[in-house]
Amino acid sequence: MRAMMKIAEDPSTDHLWQEFVNKIMAMVTNTTMWTAAALVLGRILLILLVSRLALMVINRIIDHLTSDRESLRLKLRTRRVQTVGKLLKNTAAYTINFIVVLLILGEFDIQLAPLLAGAGVLGLAIGFGAQSLVKDVITGFFIILEDQFAVGDVIETGTFKGTVEMIGLRATRIRSWTGEVHIVPNGSINAVTNFSVNQSLAVIDLIIPYDEQADETMEAIRTVLSKLTDPNMTGTPELLGIQKLALNEMTLRITAECKGNTQSDVTRVINTAVKKALEMRQNEAS
């Protein structure tokens, strides 16, 4: 207790405390320091404001270039344009934010050269260690940019065939008609067959025996085809005529324009309609 009282009464302790208080007061009342801090804060706010305005202007330009009107003028598909627009916006946002961070660090007198050098070495190391990832990203970018295929298209690549459910910068997801989902790295997509870009043609070969009256049979088939409707068909099916002659039979060929990758559905519809027509003709003849 006496020792504590001696410390409290020690004049050197009061002197140290007074010196600390004086330093705090001097720092608080230092107008030069507050002026410099206010200037730094003002420059940081100006950097943030200018970066936001620049990003808004860039996004407006991207929206204008990827609008539906511009897409129709350039004959680009809307899905492709929207995907490229989002990609450009993300790239612009990342680039501007990176520049903003560097400028703010520079306001605090932080040396940027060592940071940039370290980031370059780190990026080089990551690039060597993830070459397949870089290849996937670059390939995915060109798939989107060149509009090789889009979400909803039916494609075939390698041993996989199905409907595209998702296109990413790293991988593409394909669902087959039996329900299996295939995740294909973009870097492994070397060749693609797109069944949804243009209209398809369903070709049906109908074999009938020689004892059938060819002219009457073809007339009955044409009558059925002219009345046939299906949402997948884009035109009226056409009977071209006799495609091939064999010993005891002949082959009639029917063609029908249809939507992409709907040949199988249209073929089944036409086969069913023609079968019913031929059965009705045989019943009438008997």
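The notes below deal with the structure included here. (Residues numbered from 1 in each chain as written. Predicted model: local features only at pLDDT ≥ 70, side-chain atom pairs only at ≥ 80, totals over all residues. Heavy atoms only, no water.)

1. What to know about the packing of aromatic side chains
Definition in use: Side-chain rings of Phe, Tyr and Trp, where Trp is taken by its six-membered ring, are said to pair if the distance between their centres is within 6.5 Å; with planes under 30 degrees apart they count as stacked, over 60 as edge-to-face, and otherwise as tilted. Relative accessibility thresholds used throughout: buried, under 20% of the residue-type maximum; exposed, over 50%; partly exposed, between the two (1.4 Å probe, protein chains only). Charges are assigned to positions over rings by a cutoff of 6 Å between ring centre and Lys NZ or Arg CZ, combined with an angular limit of 35 degrees from the ring normal.
Within the structure shown, the criterion is met by one aromatic pair. Aromatic pair F141 and F142: ring centres 5.6 Å apart, planes at 80°, arrangement edge-to-face. With a relative accessible area of 39%, F142 lands in the partly exposed category. In this structure, K161 packs its charged tip against the face of F195, placed 4.3 Å from the ring centre.

2. As for the sheet that holds strand β7 (residues 238–245)
Put simply, the rule is: A pair of strands counts as paired when DSSP detects no fewer than two bridges linking them. Numbered from the N terminus, helices here are DSSP runs of H or I no shorter than four residues, and strands are runs of E no shorter than two. Axis lines are fitted to C-alpha atoms, over the contacting stretch for helices. Their N-to-C directions set the angle, which ranges from 0 to 180 degrees.
In space, the three strands of this open sheet follow the order β6-β8-β7, with antiparallel pairing throughout. With one partner strand each, in any of the chains shown, β6 (200–209) and β7 form the two edges of the open sheet. Each neighbouring strand pair of the sheet contributes to a mean axis angle of 25°, computed without reference to strand direction.

3. Things to note about the nonpolar core
Rule in force here: Definition used in this section: a nonpolar core is a set of buried Ala, Val, Leu, Ile, Met, Phe, Trp, Tyr and Cys residues joined via side-chain atoms within 4.5 Å.
The biggest cluster of nonpolar side chains holds 21 residues, and the ones touching the most others in it are I221, L225, I254, I270 and V274. Listed in part, the 10 residues of the second largest apolar core include I143, I144, I155 and I167.

4. Examining helix α8 (residues 214–227)
Here is the rule we go by: The span you would expect from a helix comes to 1.5 Å times its residue count less one. The arc in question is the one spanned by the directions pointing from the helix axis to the C-beta atoms.
Helix length check: α8, at 14 residues, gives a terminal C-alpha distance of 20 Å against a target of 20 Å (1.5 Å per residue), a fit within 8%. Among the residues making up α8, those that are buried are A214, T217, M218, I221 and L225. Axial view of α8: buried residues confined to an arc of 95°, hence all on one face. In α8, the exposed residues that point more than 90 degrees away from the buried face are D215, S226 and K227.

5. Remarks on the pairing of strand β1 (residues 154–157)
In this structure, β1 lies alongside strand β2 (residues 160–167), joined through four bridges in antiparallel fashion. Within β2, the residue paired with T157 across the bridge is F160. Linking β1 back to β2 in an antiparallel pair, the connection comprises two residues, with G158 at a positive phi of about 65°. The sheet contact formed by β1 and strand β5 (residues 193–194) spans two bridges and is antiparallel. Bridge pairing in β5 places E156 opposite T193.

6. Observations regarding the pairing of strand β4 (residues 181–185)
Looking at chain direction, strand β3 (residues 171–175) and β4 are connected through five bridges and run antiparallel. Bridging from a neighbouring strand, R175 pairs with V181 of β4.

7. With respect to helix α3 (residues 31–65)
When the terminal C-alpha atoms of α3 are compared, their 50 Å separation across 35 residues agrees well with the 51 Å that a helix rising 1.5 Å per residue should span. Among the residues making up α3, those that are buried are V40, I44, I47, S51, L55 and I62.

8. Let's talk about the sheet that holds β5
Spatial ordering of the open sheet is given by β4-β3-β2-β1-β5, a layout of five strands whose pairing is antiparallel. Because the sheet does not close on itself, it has two edges, and the strands there are β4 and β5. As paired strands, β2 and β3 are joined by four bridges and run antiparallel to one another. If you follow T163 over to β3, its bridge partner there is R175.

9. Examining the side chain of T262
This is how the line gets drawn: Polar contacts here mean pairs of N or O atoms no more than 3.5 Å apart (in protein, one a potential hydrogen donor and the other a potential acceptor; neighbouring residues in sequence count only if both atoms are side-chain atoms).
You can see T262 is positioned in the loop between β8 (249–258) and α9 (263–285). A polar contact is formed between the side chain of T262 and the backbone oxygen of K259, at a distance of 2.5 Å.

10. Let's talk about the environment of D63
Mapped onto the secondary structure, D63 falls in helix α3. Linking D63 and K89, residues 26 residues apart in sequence, is a C-alpha distance of 9.2 Å.

11. Notes on the side chain of S51
We apply this condition: For this analysis, residues touch if any pair of their heavy atoms sits within 4.5 Å.
Structurally, S51 can be placed in helix α3. On the basis of relative accessible area, S51 is assigned to the buried category, the value being 6%. Side-chain polar atoms of S51 contact the backbone oxygen of L48, separated by 2.7 Å. Among residues more than four places away in sequence, those in contact with S51 are I96 and V100.

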